[in-house]
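Each chain, written out:
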Amino acid sequence: MRPKLIVGNWKMNGSRTVNAALLAEIAAGLKGAKASCAVCVPAPYLHQVEELLKGSSIAWGAQDVSAYEGGAYTGEVCAKMLGDFGCRYVIVGHSERRAYHGESSELVARKAMAVLKEGMSPIVCVGETLAQREAGQTVEVVGAQLGAVLELLPADAVEKIVVAYEPVWAIGTGKNATPAMAQEVHAALRGQLRSRNAEAAEGVAILYGGSMKPENARELLGQPDIDGGLIGGAALKAQDFLAIIHATQ
Ligand code: PGA
């Protein structure tokens, strides 16, 4: 069985005070947890989070990265900088970045490669809108999003990526995909990974994201191809995040 991975996506939330309290409460409640966990935090807090989590079992990461390696790109943060702060994961292609910042699947793929080049794991987000689901296009849409990454990804690097299936209509809405709906998409994504590297595909963590919370986590995480969660709102409440982590055993 694949180990479970629960990742908090803090989005644009937090402050030095709030972060310290949240992480202390999470760390205090982790005893006995079988799942691995990580938090992806706003870039300005990476130094603080590195200091607080160094030596703990909680990994950390960022929520976006530049596709460029460095230089004259005002406002951008490159993968090397994220690696410098001990990041293990970097979210790429979150639907909020695709929607509000016009990120194409090709750009997302380049960002994923930049992350891999620095020895970190990209968490590649894919997901359909409600209109696309209603039009029966879900597998085609997420397949094209993942396909853009697989096109650039060397076969021997497949094992290093994490995939997150996040239906856009489920993010922050309180409406989650049913376990069966999510499992169907996760199985299709794994099939696509297999076609790139059959052996590595079995080890790739495919996370579900979109209104995962303590009340629905156990059933979602019980599906054969759901290997964890990418958690937004519930990751900002220590007890909810912990309940999801403990729901994996
Ligand atoms: P949510 O967000 O858990 O608040 O729905 C998930 C995400 O956007 O990663």
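Just above sits the structure.
Anyway, here's the lowdown on the structure attached to this text. Every value quoted in this text rests on a predicted model; they were computed, and no experiment measured them.

**Side note on the packing of helix H7 (residues 138-152) against helix H8 (residues 179-196)**
In step 1: Where H7 meets H8, the axes come as close as 10 Å, and the angle between the chain directions of the two elements is 35 degrees. H7 and H8 meet at a crossing whose hand is right-handed. Contacts between H7 and H8 pair Thr138, Val139, Val142, Gly143, Leu146, Gly147 and Leu150 from the former with Val185, Ala188, Leu189, Gln192, Leu193 and Arg196 from the latter.
In step 2: Considering only residue class, the contact of H7 with H8 consists of eight nonpolar, four polar and one charged.

**Focus: the site of the ligand**
In step 1: The ligand sits among 13 residues. The nearest are Lys11, His94, Glu166, Gly172 and Ser211.
In step 2: Between an oxygen atom of the ligand and a main-chain N or O atom of Gly232, the distance comes to 2.9 Å.
In step 3: Protein chains shield 95% of the accessible area of the ligand, which is 280 Å² for the free molecule.
In step 4: When grouped by side-chain class, the residues that make up the shell around the ligand number four nonpolar, seven polar and two charged.

**Observations regarding the pairing of strand E4 (residues 89-92)**
In step 1: Here E4 shows no split at all, with Tyr89 and Ile91 on one side and Val90 and Val92 on the other all buried.
In step 2: Note that the unit made of strand E3 (residues 58-62), helix H3 (residues 79-84) and E4 has a crossover that is right-handed.

**Re the pattern of salt bridges**
Two side chains bearing opposite charge may form a pair once their charged atoms approach each other closely.
In step 1: This structure, assessed with the given rule, holds 15 salt bridges.
In step 2: Among the salt bridges present, the one from Asp64 reaches Arg97, with a minimum N-O distance of 3.1 Å. Of this pair, Asp64 sits in the loop between E3 and H3 while Arg97 sits in helix H4 (residues 95-100), and the two are 33 residues apart along the sequence.
In step 3: The class for Asp64 is partly exposed, based on a relative accessible area of 21%.
In step 4: Taking the relative accessible area as the measure of exposure, Arg97 reaches 22% and is therefore partly exposed.
In step 5: Glu103 is the partner of Lys111 in a salt bridge, and the nearest nitrogen-oxygen pair spans 2.7 Å.
In step 6: Residue Glu103 is classed as buried on the basis of its relative accessible area, which comes to 7%.
In step 7: Linked by salt bridges that have partners in common, Arg2, Arg190, Asp225 and Asp227 make up one network.

**Re the side chain of Gln145**
In step 1: Mapped onto the secondary structure, Gln145 falls in helix H7.
In step 2: The contact partners of Gln145, leaving out residues within four places of it in the chain, are Arg98, Ser105, Val126 and Gly127.

**Considerations on unusual backbone geometry**
In step 1: A positive phi angle is found at Lys11, which is not glycine, with a value near 55 degrees.
In step 2: Among the secondary structure elements, Lys11 is positioned in the loop between strand E1 (5-9) and helix H1 (16-28).
In step 3: The phi angle at Ser211 is positive, at roughly 60 degrees, despite the residue not being glycine.
In step 4: Relative to the helices and strands, Ser211 resides in the loop between strand E7 (206-209) and helix H10 (214-221).
In step 5: The exposure class assigned to Ser211 is buried, which follows from its relative accessible area of 15%.

**Brief notes about the environment of Arg190**
In step 1: Here Arg190 lies in helix H8.
In step 2: We classify Arg190 as buried; its relative accessible area is 1%.
In step 3: For the pair Arg190 and Ala155, spaced 35 residues apart in sequence, the C-alpha separation works out to 14 Å.
In step 4: Ignoring sequence-local partners within four residues, the contact set of Arg190 consists of Arg2, Ala201, Glu202, Val204, Ile206, Asp225 and Asp227.
In step 5: Polar contacts involving the side chain of Arg190 include one to the side chain of Asp225, which spans 2.6 Å.

The rules behind these values
The residue numbers shown here count from 1 along each chain, following its written sequence. A pLDDT threshold of at least 70 governs which residues receive local features in this predicted model, and a stricter bar of 80 or more applies before side-chain atom pairs are shown or counted, although totals over entire chains, interfaces and linings include all residues. Each side-chain value is derived from all of the structure's non-hydrogen atoms; neither hydrogens nor water enter the calculation. Lines are fitted to the C-alpha atoms to define the axes, a helix being fitted only along its stretch in contact, and any angle between axes, read from their N-to-C directions, falls within 0 to 180 degrees. Helix and strand definitions here come from DSSP, where helices need a minimum of 4 consecutive H or I residues and strands a minimum of 2 consecutive E residues; each element is numbered from the N-terminal end. Two helices that cross are described as forming a left-handed crossing if the nearer one is turned anticlockwise from the farther one by less than a right angle, and a right-handed crossing if clockwise. We call two residues in contact whenever any of their non-hydrogen atoms come within 4.5 Å of each other. Polarity classes work like this: nonpolar for Ala, Val, Leu, Ile, Met, Phe, Trp, Tyr, Cys and Pro, charged for Asp, Glu, Lys and Arg, and polar for all others, with Gly in that last group. Throughout this document, a residue counts as near a molecule or strand when at least one of its heavy atoms sits within 4 Å of that molecule or strand. For this analysis, a polar contact is any N or O atom pair within 3.5 Å, provided that within protein one partner can donate a hydrogen and the other can accept it, and provided that sequence-adjacent residues contribute only side-chain to side-chain pairs. Calculation of accessible area relied on Shrake-Rupley with a 1.4 Å probe; when residues are assessed, cover is drawn exclusively from the protein chains displayed. Exposure categories follow from relative accessible area, calculated using a 1.4 Å probe and restricted to protein chains: below 20% of the type maximum is buried, above 50% is exposed, and the middle band is partly exposed. Handedness of a crossover: with both strands directed away from the viewer, a clockwise path from the first strand across the helix to the second marks it as right-handed. A carboxyl oxygen of Asp or Glu within 4 Å of a side-chain nitrogen of Lys or Arg is what we treat as a salt bridge.

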